[in-house]
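One-letter residues, chain by chain:
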Amino acid sequence: MLEKEIVERISRLPFAGVISDENRLDGQYIVSLMESARAQIAKEVYQKNNKRLNPVFYQKYYPTYSEQLQEAKTYVKFSCPEVLTLDSNSDGLRYIGTTDCSVAFRRIWSRSMLSTINKHQVMSVKGNRYTAALYDGSAQMMEIYGNAEIEEIMIEALFANPHDIPTWNADYDPYPFPDDLLPLMDDYIFRSITSIAASVQPETRNQYNQTTPRRR
Amino acid sequence: MINSGTYATITLDSIISAAKMELKIQDSADYDILFEKWANQAAGTQGLHTLSTTIKKQCSITVNGGKAKLPVGFNQLIAMRYNTNNVSNSSLNCTPMLYVDMAFLSNCGCDTNTPFIQNMQGVFQINNGYIIFYGGVPDGVTCSLSYFANNVDENGLQIVYERYERALTAYLCYRYMLQNLQEYNQYAMETFRQEWMAQKRMLRSQDARDSFNNTKYQMMEVANALVVDKSWAAQYTQ
C-alpha cells in the first residue's frame, strides 16, 4: 500500500470510518505514528519470528561519494540515514557491500571493536585483506575500511525513516511495511491516539462540584 | 566450478558461508570477522593439525643488505641454491652447489655425502624470519629455496582442502553457539562439537594413511627396480 492510503485508513480508525474536516487527524502526525509503529512491530516480529523479517521492510540506499566527507586516507565515508535496532545482537543493517551484491562487507560494530581487531594478526583490517564497514550512528555515517578506492556501495537496511531514502518516492512506491501486518499497525496507532485522548481531562460536573461552596 | 579432487582447495569464505547457512544467520555479516579467525585457527596447526597442514614448497628470494626475507609460512629449510639469472654477479651464476640443512636432512639416515651438497652452516644462518649470509653475497642476487612450510596463502591464512569443510563448519557452528548460549540449546551445541571432534580424527587418520601409502609405493618402486631393472636401481644404490 502507498503511504497516503495507510494514512487515510488510520485517520478513519477512531471515527469508525466516518470523518469530516473537523475531526480529521493531522497527516504528518499520523506519518510520525506510522514510523514509530513500524519500528516497534518490526522489532517484535523479528524477535518472535526466529530472526526473520518480511523483505518488504528493507530499503536499498545508494550513497553518493563526496570528497568533502573524507577525513582520512585509511577509510572512505558515506552518509547513511538512521537505522533501527532489532535486538541486542543485531541492528537493521542487512547488507553493506558492492552495488552488484557480490561482496558483503564485514561489520565492525564499534570503534572499540575496530581498535581490538586491529591488534590481531588475522582479524586486522589494516592489511586491506578484506573490506569492512563501521556504522557511526551518531554522525549517521558509514565508514568503509580496507578499500580506500571505493566510491560506490549499496546499503540494504531497515531505516528508521523511509523518507530519508532518496530513491523512495512516497507517492509512487509502496510503504516499506507488509500488508499482512497492517492490523497490528492499526491497533498500535489506535491505542496511541485513544490513550492521548483519554489522558485529557474534560470539564465535567464532578470537577465543578469539587470547588469550595460559597457562603452566604 | 566444483573440483572435489584430493588437492582441491576452498577459501575460508566458503567455510564461513556454509556455517552461516547452518546457523541461519546468512542475512548478516556481523560475525564474519570472528568466523574467519576461528576458521583459520581450526584449519591450521592450532586445530586440525593434520599432515597436510604442512607441505613442501619452493620459492625465489632476493638478497638485500646481506640478508633475504623468508617466505610466509616458512618452517624448515630443505635446500637452497643460487639462481642462474644473476647476470650482474656471474661468479654466483649457476653455481653447482646445493646448500642444505645437513643436520636435518641426514637425521633420517640418508647419505648426503656428495661434493655438490654443502652444509648451510658457514654460508648463511636462518634467524628471525631471514636468511643472513655471512658475506660476499651482493644485493639483488636471487636464490631458490625448497622448504617445508605451513600450508598458507600469501597473507598467511591457512589453505583449506575441500575435505576439511565439514569439520571446519562444525567447529564454527560450535564456537558461535558457545558465544550465543542464550539462543541455542546445549544438545545442538554438543552435536556440533562431537562432529568437529569426529571429523578432525578422521582427517588426521586419512592424511596419515595417504602418507603411509605414498611411502609404501616409493619403497615398492625401489624394491621392484632392484629386481627388474638394475641400471635404474643403480641411482638408489650408489
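The structure under discussion appears in the preceding block.
Below is a summary of the structure that appears in this document. Computed from a predicted model, the values in this text were never measured in an experiment. (Residues numbered from 1 in each chain as written. Chains lettered and ligands numbered in written order. Predicted model: local features only at pLDDT ≥ 70, side-chain atom pairs only at ≥ 80, totals over all residues.)

Here the focus is the overall build of chain A. Secondary structure assignment for chain A yields five helices and seven strands. Helices and strands appear in chain A in the N-to-C order α-α-β-β-β-β-α-β-β-β-α-α. Split into buried and exposed, the 216 residues of chain A put 25% on the buried side. Within chain A, residue pairs in contact and separated by at least 24 positions form 65% of the contacts whose partners lie at least 6 positions apart. (Helix = DSSP H or I, 4+ residues; strand = E, 2+ residues; numbered from the N terminus. Buried ≥ 20, exposed ≤ 12 C-beta atoms within 10 Å, placed from the backbone. Contact = placed C-beta atoms within 7 Å.)

Tallying secondary structure elements over chain B gives six helices and 10 strands in all. Sorting the 238 residues of chain B into buried and exposed places 29% on the buried side. In chain B, of all internal contacts separated by at least 6 residues, the share reaching a separation of at least 24 is 68%.

Attention shifts here to the interface of chain B and chain A. With 10 residues of chain B at the contact, the number on the chain A side is 13 residues. Here the side of chain B that touches chain A is built from residues that sort into two nonpolar, three polar and five charged. (Nonpolar A, V, L, I, M, F, W, Y, C, P; charged D, E, K, R; others polar.)

This paragraph deals with the sheet that holds strand β3 (residues 93–97) of chain A. Residues and elements named next belong to chain A. Strand order in the open sheet formed by three strands is β1-β7-β3, and the pairing between neighbours is antiparallel. Every interior strand has two partners, whereas the edge strands, β1 (59–61) and β3, have only one. The mean inter-strand angle of the sheet, taken between neighbouring strand axes irrespective of direction, is 15°. Bridge count for β3 against strand β7 (residues 154–157) is four bridges, and the pairing is antiparallel. Looking across to β7, one finds that Tyr-95 is bridged to Glu-156. (Pairing = 2+ DSSP bridges. Axes fitted to C-alpha atoms, helices over the stretch in contact; angles between N-to-C directions.)

Okay, unusual backbone geometry next. All names here are of chain A. A positive phi angle, near 65°, is found at Cys-101, a position not held by glycine. Considering the arrangement of structural elements, one finds Cys-101 in the loop between β3 and β4 (106–108). Judged by the 11 C-beta atoms lying within 10 Å of it, Cys-101 falls in the exposed class.

This next bit is on the packing of helix α1 (residues 12–23) of chain B against helix α4 (residues 165–179) of chain B. Residues and elements named next belong to chain B. Two numbers describe how α1 lies on α4: the axes approach to 9 Å, and their chain directions differ by 55°. With respect to α4, the element α1 is oriented oblique. Considering how the two elements wind past one another, α1 and α4 form a crossing that is right-handed. Here Ile-15, Ile-16, Ala-18, Ala-19, Glu-22 and Leu-23 of α1 lie close against α4, whose contacting residues are Glu-165, Leu-168, Thr-169, Leu-172, Cys-173 and Tyr-176. (Parallel < 35°, antiparallel > 145°, perpendicular 65-115°, else oblique. Left-handed = near helix turned anticlockwise from the far one by under 90°.)

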